[in-house]
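The residues making up each chain are set out below.
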Amino acid sequence: MAMDFDDFLHLDFSGYSSTTTTTTTGDDYACNWNDWSPVVDWEALSGGQDDFHDLIESMMDDSGLNPNARVANIAHEPCNSVSTETSSSSMAVDEETNGEDFKGLRLVHLLMAAAEALTGVNNSRELAQVILIRLKELVSPNDGSNMERLAAYFTDALQGLLEGAGGVHGNNKHYTSNGPHHRDDHHRTDVLAAFQLLQDMSPYVKFGHFTANQAILEAVANDRRVHIVDYDIMEGIQWASLMQALVSRKDGPPAPHLRITALSRGGSGRRSISTVQETGRRLVAFAASIGQPFSFHQCRLDSDETFKASALKLVRGEALIINCMLHLPHFSYRAPDSIASFLSGAKTLNPRLVTVVEEETGPIGDGGFVSRFMDSLHHYSAVYDSLEAGFPMQSRARALVERVFLGPRISGTLARIYRTCGEEEVYSWGNWLGAVGFKPVNISFANHCQAKLLLGLFNDGYRVEELANNRLVLGWKSRRLLSASVWTSSFDSNL
């Protein structure tokens, strides 16, 4: 859905007017574009279950928990004890923690059993329904621990698959919704608030934007004209910070003329096109307010999201940049064929730089629905844990982000896995770019330092690692969540 820049401007960013005047600033909006743990031990659960019936019977009964089982390691923040704390209160805390540990393990086993009952060799929809009914009695998306809220969304997603919601779209490989409850189903104010909270609670959005923008700034330091082709511009927040960096450079030539071409999707109808147009209008106004030479264009994809490089308007002398943000928490899903079409077409244009930010996910075990299901559960448990660390006391804030963004993503992820029986190929687009002939561009020391400084603003559970010299990975504890990689055309000699 269209998210109005005016709404963003008074939420977080301050310092500039959104009018089209190029030299004046205003106080209409307070805006500053510059400021803007896994819960279980997954290794212990990697073994398959040949027969779930005995397990289900024990888990349905509250007394059936086995304290000697391989208990999930729920991640807990260290308790800040004081000298007056009594041993009895410590024992009460320990008992509560152990209870949460056992319940977390129980929920994971129930979810795994429901997934197995739904799709396994001896699948039983009746058994799946019984397990899901029990899960709904145990969890709520609005209350409880991370694992309980997470289990509630996975339960709802499995229930949708059981009732046929996962197959509504058949074999449409270009289906882009995040699931039955897409973010567009939520009120605009909820989406705006959730997006702002996501930025405040975590580095997910800024990490990708800042890493890509720093690489772009370094690649075009001496260019007079820059053309960025953006695969999924969304609300265009990324480019406001880039514009400010361009106009504030103290050394080198004046700010170059920046041209952005955003892809719009014909398959999404006029709504997608009007959203891109609105984003463009806001970017034009913002650029004018800070004195950044700027123009905005659209390139419409075919109904099957095929990209035709010939549809782009190129100007001799422009430094061409390809930007591809994929599957961030607030982004819509894009089909692999669509992404491959875009990147393949981009290669024929000999771009100066290609920046790709993507979600780090992958199958575990030997493939299939249950294995992919468990990997998704692992991934989102890390996301939930990191958000709680960001705003530990703000349960309502976390609940909004989970309801608007994460719940629909979980539903959509499981629906896609279910439709393909877990056999859909999982792409690392960074590896894909290398395989088709793009060459890696080293991440600079400044870019790496910037990423570390960004993570320093958040909980110390976040980490950044550099892989293969051209890729920065954002992780939460032991789990990789996002990566940003930088590439160039094999024919380009400027990098």
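Preceding this paragraph is the structure being described.
In short, a report on the structure. This structure is a prediction, so every number in the text was calculated from the model and none was measured. (Residues numbered from 1 in each chain as written. Predicted model: local features only at pLDDT ≥ 70, side-chain atom pairs only at ≥ 80, totals over all residues. Heavy atoms only, no water.)

### Some details on the nonpolar core
Of all hydrophobic cores here, the largest spans 106 residues; its most connected members are Leu158 and Phe373. The biggest single contributor to this core is helix 11 (residues 369–390), with 11 residues. Once residues within four sequence positions are removed from consideration, Phe373 is found in contact with Leu111, Met112, Ala115, Phe154, Leu158, Leu414 and Ile417. Ranked by size, the runner-up nonpolar core spans 25 residues in total, among them Leu312, Leu326, Val354 and Leu433. (Core = buried A, V, L, I, M, F, W, Y, C linked by side-chain atoms within 4.5 Å. Buried < 20%, exposed > 50% of the residue type's maximum accessible area, 1.4 Å probe, protein only. Helix = DSSP H or I, 4+ residues; strand = E, 2+ residues; numbered from the N terminus. Contact = heavy atoms within 4.5 Å.)

### Describing helix 12 (residues 395–419)
With 25 residues, helix 12 should reach 36 Å at 1.5 Å per residue; the first-to-last C-alpha distance of 34 Å fits that figure. Along helix 12, the sharpest kink reaches roughly 45°, centred on Arg403. Just beyond helix 12, the residue with positive phi is Cys421, at close to 55°. (Expected span 1.5 Å × (residues − 1). Bend = angle between axes of the 7 residues up to and from the residue.)

### A word on the packing of helix 6 (residues 188–201) against helix 12
It is the contact of helix 6 with helix 12, at a shortest axis distance of 9 Å, that shows an interaxial angle of 115°. Along this stretch, helix 6 crosses helix 12, giving a crossing that reads as left-handed. When helix 6 is examined against helix 12, the residues Asp190, Val191, Ala193, Ala194, Phe195, Leu197, Leu198 and Met201 are found in contact with a partner set consisting of Ala397, Arg398, Leu400, Val401, Arg403, Val404 and Phe405. Residue classes in the contact of helix 6 with helix 12 are distributed as 12 nonpolar, no polar and three charged. (Axes fitted to C-alpha atoms, helices over the stretch in contact; angles between N-to-C directions. Left-handed = near helix turned anticlockwise from the far one by under 90°. Nonpolar A, V, L, I, M, F, W, Y, C, P; charged D, E, K, R; others polar.)

### Considerations on the environment of Arg259
Take Arg259: it is sitting in strand 2 (residues 257–265). Along the chain, Arg259 and Ser295 lie 36 residues apart, while their C-alpha atoms are 4.8 Å from each other. Beyond its immediate chain neighbours, meaning those up to four positions away, Arg259 contacts Val226, His227, Ile228, Ser295, His297, Lys313, Leu314, Val315 and Glu318. At 3.3 Å, the side chain of Arg259 and the side chain of His227 are in polar contact. (Polar contact = N/O pair within 3.5 Å; in protein donor to acceptor, adjacent residues only side chain to side chain.)

### Some details on the pattern of salt bridges
Here the structure, examined in full by the defined rule, presents 18 salt bridges. For Arg463, the salt bridge is made with Glu465, and the minimal N-O distance between the two is 2.9 Å. Under the relative-accessibility criterion, Arg463 is labelled partly exposed at 27%. Three or more residues joined by partner-sharing salt bridges are found here, namely Asp232, Arg265, Glu305 and Arg334. (Salt bridge = Lys/Arg side-chain N within 4 Å of Asp/Glu carboxyl O.)

### Quick look at the pairing of strand 4 (residues 319–326)
The buried count for strand 4 comes to eight of eight residues, which makes it a mostly enclosed element. Neither face of strand 4 is exposed, since Ala319, Ile321, Asn323 and Met325 on one face and Leu320, Ile322, Cys324 and Leu326 on the opposite face are all buried. When strand 1 (residues 225–230) meets strand 4, the two strands line up parallel, connected through five bridges. Residue pairing across strands places Asp230 opposite Asn323, the latter belonging to strand 4. For strand 4 and strand 5 (residues 353–359), the ladder comprises six bridges, and the chain directions are parallel. Residue pairing in the sheet places Met325 in a bridge with Val357 of strand 5. (Pairing = 2+ DSSP bridges.)

### Some thoughts on the packing of aromatic side chains
Any two aromatic rings considered together are summarised by their centre-to-centre distance and by the angle between their planes. This structure, assessed with the given rule, holds 10 aromatic pairs. Ring geometry for Tyr204 versus Tyr462: centroids 6.2 Å apart, planes at 80°, classification edge-to-face. On the criterion of sequence distance, the pair formed by Tyr204 in helix 7 (residues 204–219) and Tyr462 in strand 7 (residues 462–467) is long-range, its members being 258 residues apart. Taken individually, Tyr204 and Tyr462 each receive the classification buried, so the pair is uniform in this respect. The interplanar angle of 40° and the centroid separation of 5.0 Å between the aromatic rings of Tyr231 and Phe342 together place this pair among those described as tilted. With Tyr231 in the loop between strand 1 and helix 8 (237–247) and Phe342 in helix 10 (residues 336–347), this residue pair connects regions lying 111 residues apart in the sequence. Assessed through its relative accessible area of 0%, Tyr231 is described here as buried. Note on Phe342: relative accessible area 0%, which makes it buried. Three or more aromatic residues link up through ring pairs in this structure, and these residues are Phe154, Phe369, Phe373, Tyr380 and Tyr418. When the ring centre of Tyr333 is taken as reference, the NZ or CZ atom of Arg416 above it lies at 3.5 Å. (Phe/Tyr/Trp six-rings, centres within 6.5 Å; stacked < 30°, edge-to-face > 60°. Lys NZ or Arg CZ within 6 Å of the ring centre and 35° of its normal.)

### Section: the pairing of strand 1
Most of strand 1 sits inside the fold, with five of its six residues counted as buried. In this sheet, strand 2 lies alongside strand 1 in parallel orientation, the contact comprising six bridges. In the sheet register, Arg225 faces strand 2, and the bridge partner there is His257.

### Considering the environment of Ala399
Relative to the assigned elements, Ala399 resides in helix 12. A relative accessible area of 15% places Ala399 in the buried class. For the pair formed by Ala399 and Asn142, sequence separation is 257 residues and the distance between their alpha carbons is 6.2 Å.

### What about the packing of helix 7 against helix 8?
Look at helix 7 against helix 8: their axes get within 10 Å of each other, and the N-to-C directions meet at 40°. Taken together, helix 7 and helix 8 sit at an angle that is classed as oblique. Note that helix 7 runs across helix 8; the crossing there is right-handed. When helix 7 is examined against helix 8, the residues His209, Phe210, Ala212, Asn213, Ile216 and Leu217 are found in contact with a partner set consisting of Ile237, Gln238, Trp239, Ser241, Leu242, Ala245 and Leu246. Within the contact of helix 7 with helix 8, the residues separate by chemical class into nine nonpolar, four polar and no charged. (Parallel < 35°, antiparallel > 145°, perpendicular 65-115°, else oblique.)

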